[in-house]
Amino acid sequence: MGLADFIRIARGNLTPEELAERDAAARARREQREADAARQVADADAIAARQVALTTERQRHPWRMETAVGIGTVELVCHADTLNRLLIMLDRTTGWRSPTQSEGRVEKLDGHMVRVLLSGQQVSLILFRTNERAANAWAGEAALAKRFYRAFASVVDQVDPDAPAAAALPPVLLGDRVSAPARDDEVPPSNQ
């Protein structure tokens, strides 16, 4: 583009093709700005929602601990190794007393699984310790603590302390399974 073209364009003497190109470029810039603004609003909304969720969780924690104390018994079903990690995590917690097999509170199941009967006070201490360890432990223990906390919290959240009759609580189950696709030789023959 020469000086004459520059002067012509600066004065606004554009050809129809140049006008269309200028308008398309302006439209593209405007759409990009609008998309960027919408993305920033969505990001800000997501951050605000996470902050509200965290605040709500922090506010629910004391209620969960207090509610758990009022529960008679809660059943925990998990792998024996998982139970051992939980007991190690709780070992130095003031007021904690580990359930024992001799008391009939720990039952061995198939597949190295165990069923443990816990009191409401024990559940409250589990919530306390796992919440603390989730925030202050190394990554592996923090992940385990978060998993324990979520599992126990989901059961405690089902409790209605003001209900006239206590409903049975589901067990705290830590035993996710991955379903694997069947091999070709395991597929049952179809009836044709």
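Relevant structure appears above.
Now for a description of the structure that goes with this document. None of the values given here were measured: they were computed from a predicted structure.

1. Some words on the overall build of the protein
(1) Moving on: Counting its secondary structure elements, the protein contains five helices and four strands.
(2) Moving on: Each helix (α) and strand (β) of the protein, taken in turn from the N terminus, gives the series α-α-β-α-β-β-α-α-β.
(3) Moving on: Once local pairs closer than 6 in sequence are excluded, the contacts in the protein between residues at least 24 apart make up 67%.
(4) Moving on: With the model as given, the accessible surface of the protein reaches about 13500 Å², and the carbon-plus-sulfur share is 54%.

2. Quick word on helix α3 (residues 80-90)
(1) Moving on: Looking only at α3, the buried set comprises Leu-83, Leu-86, Leu-87, Met-89 and Leu-90. For α3, the buried positions fall inside an angular range of 160° around the axis, keeping them on one side. With respect to the buried face of α3, the exposed residues turned more than 90 degrees away are Asp-81 and Ile-88.

3. A look at the packing of helix α4 (residues 120-136) against helix α5 (residues 139-156)
(1) Moving on: Look at α4 against α5: their axes get within 8 Å of each other, and the N-to-C directions meet at 145°. When you trace α4 past α5, the crossing you get is left-handed. In contact with Val-123, Ile-126, Leu-127, Thr-130, Asn-131, Arg-133 and Ala-134 of α4, α5 contributes Glu-141, Ala-142, Ala-145, Lys-146, Phe-148, Tyr-149, Phe-152, Ala-153 and Val-156.
(2) Moving on: Among the residues making up the contact of α4 with α5, the classes are represented as eleven nonpolar, two polar and three charged.

4. Remarks on the sheet that holds strand β2 (residues 106-108)
(1) Moving on: As summarised here, the arrangement of the four strands in space is β2-β3-β1-β4, forming an open sheet in which the pairing is mixed. The open sheet has two edge strands with one neighbour each: β2 and β4 (172-174). Averaged over all pairs of adjacent strands, the angle between strand axes in this sheet comes to 15°, irrespective of strand direction.
(2) Moving on: In the sheet, strand β1 (residues 73-79) pairs with strand β3 (residues 113-119) via seven bridges, with the strands oriented antiparallel.

5. Quick word on the nonpolar core
(1) Moving on: Formed by 30 residues in total, the largest nonpolar core has its most connected members in Leu-76, Leu-118, Val-123, Leu-127 and Phe-152.
(2) Moving on: Secondary structure elements with two or more residues in this core: β1, α3, β3, α4, α5 and β4.
(3) Moving on: Apart from the residues lying within four places of it in its own chain, the contact partners of Leu-118 are Gly-72, Thr-73, Val-74, Leu-76, Trp-96, Pro-99, Arg-105, Val-123, Ile-126 and Phe-152.

6. Focus: the pattern of salt bridges
(1) Moving on: Under the criterion given, the structure shown has twelve salt bridges.
(2) Moving on: Where Asp-36 meets Arg-39, a salt bridge forms, and the shortest distance between an N and an O atom there is 2.4 Å. Separated by three residues within a single helix, Asp-36 and Arg-39 lie in helix α2 (residues 16-69), roughly one turn from each other.
(3) Moving on: The class of Asp-36 is partly exposed, set by a relative accessible area of 29%.
(4) Moving on: Linking Arg-115 and Glu-107 is a salt bridge whose minimum nitrogen-to-oxygen distance equals 3.1 Å.
(5) Moving on: For Glu-107, a relative accessible area of 40% translates into the label partly exposed.
(6) Moving on: Each of Arg-85, Arg-129, Glu-132, Arg-133 and Glu-141 takes part in salt bridges that share partners, so that together they form one network.

Conventions adopted
- Residues numbered from 1 in each chain as written.
- Predicted model: local features only at pLDDT ≥ 70, side-chain atom pairs only at ≥ 80, totals over all residues.
- Heavy atoms only, no water.
- Helix = DSSP H or I, 4+ residues; strand = E, 2+ residues; numbered from the N terminus.
- Contact = heavy atoms within 4.5 Å.
- Areas by Shrake-Rupley, 256 points an atom, 1.4 Å probe, with all protein chains shown as cover.
- Buried < 20%, exposed > 50% of the residue type's maximum accessible area, 1.4 Å probe, protein only.
- Arc of directions from axis to C-beta.
- Axes fitted to C-alpha atoms, helices over the stretch in contact; angles between N-to-C directions.
- Left-handed = near helix turned anticlockwise from the far one by under 90°.
- Nonpolar A, V, L, I, M, F, W, Y, C, P; charged D, E, K, R; others polar.
- Pairing = 2+ DSSP bridges.
- Core = buried A, V, L, I, M, F, W, Y, C linked by side-chain atoms within 4.5 Å.
- Salt bridge = Lys/Arg side-chain N within 4 Å of Asp/Glu carboxyl O.

Such coordinate-based values are descriptive only and should not be taken to indicate function.
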